[in-house]
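Topology and contacts: notes
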There are 2 protein chains.
Amino acid sequence: MIYKAHIIDTPTKDEFRIIPNGYIHVTEDGKIAGIYEQLPAELANEPITDYGDKLLIPAFYDLHVHAPQYRNLGLALDLPLLEWLETYTFPEESKFRDIAYAEHVYRRFVHELWMQGTMRSSVFASAHPEATAKLMDIFREAGLGAFVGLVGMDRNCPEAVQNTTEQVQAFLEQVATENDPLVKPIITPRFIPTCSREMLKMMGKLAKKHNLPVQSHLSENKDEIRWVHQLMPETICYADGYRKYGLLGDTPTLMAHCCYTKGIELRMIRRHHVMVVHCPTSNCNLGSGAAPIRRFLDNGIPVALGTDVSGGHNMSVLRVIQYAIQTSKLYQILTPRKEAFLKVSEAFYLATKSGGSFFGQCGCFEKGYDFDALVVDDAYLNHEKYELNQRIERYIFLGDDRDIKVRFCAGKEIKEPKL
Amino acid sequence: MIYKAHIIDTPTKDEFRIIPNGYIHVTEDGKIAGIYEQLPAELANEPITDYGDKLLIPAFYDLHVHAPQYRNLGLALDLPLLEWLETYTFPEESKFRDIAYAEHVYRRFVHELWMQGTMRSSVFASAHPEATAKLMDIFREAGLGAFVGLVGMDRNCPEAVQNTTEQVQAFLEQVATENDPLVKPIITPRFIPTCSREMLKMMGKLAKKHNLPVQSHLSENKDEIRWVHQLMPETICYADGYRKYGLLGDTPTLMAHCCYTKGIELRMIRRHHVMVVHCPTSNCNLGSGAAPIRRFLDNGIPVALGTDVSGGHNMSVLRVIQYAIQTSKLYQILTPRKEAFLKVSEAFYLATKSGGSFFGQCGCFEKGYDFDALVVDDAYLNHEKYELNQRIERYIFLGDDRDIKVRFCAGKEIKEPKL
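Figured I'd write up the structure that's included with this text. (Residues numbered from 1 in each chain as written. Chains lettered and ligands numbered in written order. Predicted model: local features only at pLDDT ≥ 70, side-chain atom pairs only at ≥ 80, totals over all residues. Heavy atoms only, no water.)

1. Side note on the side chain of S219 of chain A
Locating S219 of chain A in the fold gives a position in the loop between β11 (214-218) and α6 (222-231). If near-sequence neighbours (up to four positions away) are discounted, S219 of chain A is found in contact with E224, I225, Y238, C258, C259, Y260, T261 and E265 of chain A. (Helix = DSSP H or I, 4+ residues; strand = E, 2+ residues; numbered from the N terminus. Contact = heavy atoms within 4.5 Å.)

Structure representation (structure tokens):
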């Protein structure tokens, strides 16, 4: 199949690549075979879908999002992290013992991922195995890609959101051998404060045994960091608590936030090839802080973006791109280091090619990459003679789900999931 | 006329007033005669418009917005203020010599104010009298309230965006005597760097002569402040430059930004009853800084919100409410003063009752107030059993123009303006 449109992506972070009226050739396996300014003669007989004046951009990837917090979206943002968890978040997550409630909320959650053009995500479920399996089913049914994590947590939180090492192990052993190309498990200790050493040890072992990726939280909030130091006085930094148990880069690893990651910890996550998931909306909403993203990039640390719903108030990765740019400007002006802010192309790159790399070859229109794409109709925004580089910028700052007309994941057009 | 819906407003900033299935009685002059939980017997025969499960909230007020920058919305946000003006903004504003171009853009601008539920605004036009008069006409045609300012600027900027003291004076003398209830002139020196002493002096005199309000920019950016100090070494602070010419509170005065207003300047604007217009989206986008809003509120300084398009990237006051909350949290965490962040009700109050006070009795559903209101259908957001206090919070964080079903300005339903 050939798709024709104004093609825009970021093979490198430094600028948009723009191909007006370009062509993408996608083969039956859903992979990109070529991208062209002019259609080559040998493809002249392939069927063409022509999207006219619309934009064709890579799909979005949300590398940190909590599915069972969906009901709290846009609510309850008046407390810092630890009080917020106790007061609003754990009580909501406790409801996911009820599989009917879980299915109801998870269908809405997956529907909204679809709506916002998020074709793949790395998701925290709750501590409940049955509901987590249901979430994986709903993703499969929708055709969206996801790493889904049963959250391990067995201390320092209400019983209703706890599970045991045995339960988590049993679930992981079961799902680890399923071989779904799009929906996969991910080892998910919530964070050091809620995980016993036994839980962490088991998780590290299983990560290695089944070569499963890992996701967790790191250095989000100052009180949290102090608490971790009290709980694990034997570690040299917060990240070291994960490292000691084989949960820091022995397999591909996502660490969300890293607002206060510097010095020893920064060098440790770099050495262990950890991918930082930057969640600027959440870090604003909970007053957590601002992550030193420019420093991570200058150090060659891979960075992706996350909505962190419901600490983040919005399921749209487009909005997170925008907040990443804006908060980097406030960070520049309000902190002494005066690090350069993120350019628009850089933030877009984080949300597409950089985040996409966690799922394989995704997030860019290059040969061999999965065709994960959005067709964007920005006619309302394009009311004057805007150039294509202006149209993508205006879409990032002003567009929303209304503008997304067609969605592709791994080459397949994804229709609206049922609610 | 009686309107029935879930009524939500902020008579004080500290909390939302919520009247489920309440009634508002609006008389023929467009003013609120009463607000009721139960309809009084004497009103039983009045016609009722029942909005069912929808929300009825005060309309939004945008107290700082640049109409001739509308084409640049969501674009060109990679430079700090002074370079941004030179590179992107002045070249765009220079086009408003062309009255056809001006009418084309201004119709879109007013249409979008309507779309976003902004029923009254205080607007900077350009330096061109003819285009500014056209903008006033378009506002009148639409039925929206506005203070419209011909921008005075006669130095330190390209000739194409300059005017002269005589031109500005002639325009102001002409419009000052028009007696439109909704669309009115406002004295608008752009900012000290682009206004000669003659310009400022004339403006101060006319403000007093015709009792016209004043709007300008104050202490937005550090380089700007340094420049003002060089240009007016005789002043004790930036605000003092306006004060010396009768442009600081001799008549009702709006000063946008005030990111660096403290000490002497803070005491000066308090003494002169200046209203600060907080523009957090713009201050993020241009990396200007973060204004000490809590300090202003604690000092009894009135504060309104402004989109500051196109330094701000979005015409929606709803979004500015949200950014005001969020940036106050980043300000708290990133600066040493640890001032309390804005509560949701406080930011909503700034956008409604506080901003509305500049237009008279507006922005709240109290007896004698103008009925400026929006009917909001949040059915999509209200997918679970949310309480009304949660519904307003979710609308602020997640809603957009799609949700606004009916708009009232001064008691009159405002239909979609023609483009």
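2. Focus: the sheet that holds strand β7 (residues 145-149) of chain A
Residues and elements named next belong to chain A. Strand order across the open sheet formed by four strands is β5-β6-β7-β9, with parallel pairing between neighbours. Taken across any chain shown, the strands that pair with only one partner, and hence form the sheet edges, are β5 (60-66) and β9 (183-185). The average undirected angle you get between the axes of adjacent strands in this sheet is 15°. (Pairing = 2+ DSSP bridges. Axes fitted to C-alpha atoms, helices over the stretch in contact; angles between N-to-C directions.)

3. Details of unusual backbone geometry
The omega torsion of the bond from V309 of chain A to S310 of chain A falls at 5°, within 30 degrees of zero and hence cis. Here S310 of chain A shows up in the loop between β14 (303-305) and α11 (317-334). Even without glycine at this site, N211 of chain B takes up a positive phi of about 50°. Locating N211 of chain B in the fold gives a position in the loop between α5 (197-210) and β11 (214-218). At H273 of chain B, a position not held by glycine, the phi torsion is positive, near 55°. Within the secondary structure, H273 of chain B sits in the loop between α8 (263-271) and β13 (275-278). H273 of chain B sits in the exposed class, given a relative accessible area of 64%. (Buried < 20%, exposed > 50% of the residue type's maximum accessible area, 1.4 Å probe, protein only.)

4. A few points about α11 of chain A
Residue and element names in this part refer to chain A. When the terminal C-alpha atoms of α11 are compared, their 25 Å separation across 18 residues agrees well with the 26 Å that a helix rising 1.5 Å per residue should span. Judged by how many residues are buried, α11 sits mostly within the fold: 15 of 18 residues are covered. The N-cap of α11, judged by a side-chain oxygen 3.2 Å from the amide nitrogen of L318 a few residues on, is S316. (Expected span 1.5 Å × (residues − 1). Polar contact = N/O pair within 3.5 Å; in protein donor to acceptor, adjacent residues only side chain to side chain.)

5. Some remarks on the interface of chain B and chain A
Contact with chain B, which involves 45 residues of that partner, is made by 45 residues of chain A. Each partner contributes to the roughly 4,200 Å² buried at the junction of chain B and chain A, and carbon and sulfur atoms together form 54% of this total. Contact with chain A buries surface across chain B, with R71, L330 and L334 of chain B losing the most and accounting together for 14% of the total. The salt bridge involving R402 of chain B is made with D401 of chain A; its shortest N-O contact spans 3.0 Å. Summed over the shared surface of chain B and chain A, the result is 26 residue pairs in polar contact (both at pLDDT 80 or more). Breaking the side of chain B that touches chain A down by element, the ones donating at least two residues are α2 (99-115), α9 (280-285), α11 (317-334) and α13 (388-398) of chain B. (Buried area = accessible area lost by both parts, 1.4 Å probe. Salt bridge = Lys/Arg side-chain N within 4 Å of Asp/Glu carboxyl O.)

6. Some remarks on the nonpolar core
Grouped together as the largest cluster of nonpolar side chains are 231 residues, with contacts concentrated most on F109 and F139 of chain A together with F109, F139 and I321 of chain B. Not counting chain neighbours up to four residues away, the residues in contact with F109 of chain B comprise V65, A67, Y70, V123, L135, F139 and M315 of chain B. (Core = buried A, V, L, I, M, F, W, Y, C linked by side-chain atoms within 4.5 Å.)

7. A few points about the pattern of salt bridges
Under the definition given, this model contains 61 salt bridges over all chains. Ionic pairing is found between K31 of chain A and D370 of chain A, a salt bridge with its closest N-O pair at 2.5 Å. Here K31 of chain A is found in the loop between β2 (17-26) and β3 (32-36), whereas its partner D370 of chain A is found in the loop between α12 (344-356) and β15 (373-376), with 339 residues between them in sequence. You can call K31 of chain A partly exposed: its relative accessible area is 32%. With a relative accessible area of 12%, D370 of chain A lands in the buried category. The closest approach of N and O atoms between K415 of chain B and E413 of chain B, which form a salt bridge, is 3.1 Å. Relative accessible area serves as the criterion here: at 35%, E413 of chain B is assigned to the partly exposed category. One continuous salt-bridge network, built from bridges that share partners, spans D400, D401 and R402 of chain A together with D400, D401 and R402 of chain B.

8. Structural notes on the sheet that holds strand β14 (residues 303-305) of chain B
All names here are of chain B. A sheet is described by the order of its strands in space; here four strands give the open sequence β11-β12-β13-β14, paired in parallel fashion. Since the sheet does not close on itself, it has two edges, and those belong to β11 and β14, each with one partner. Between one strand axis and the next, the sheet turns through 30° on average, direction left out of account. In terms of strand pairing, strand β12 (residues 253-257) meets β13 through three bridges, oriented parallel. What sits directly across from L254, in β13, is M275.

9. Quick word on the layout of surface pockets
Its boundaries defined by the atoms lining it, the largest pocket holds a volume of some 820 Å³. Every residue lining the largest pocket is counted, 44 residues in all, and those nearest its centre are D400 and R402 of chain A together with D400, D401 and R402 of chain B. Elements with a minimum of two residues in the lining of the largest pocket: α2 (99-115) and α13 (388-398) of chain A together with α2, α11 and α13 of chain B. Counted by class, the lining of the largest pocket contains 16 nonpolar, eleven polar and 17 charged residues. (1 Å grid on protein atoms, 1.4 Å probe; cavity = no way out; pocket = protein on both sides within 12 Å on 5 of 7 lines; lining within 4 Å. Points joined across faces, edges and corners; volume = space filled by probe spheres on them. Nonpolar A, V, L, I, M, F, W, Y, C, P; charged D, E, K, R; others polar.)

Keep in mind that these numbers describe shape and distance, not what the molecule does.
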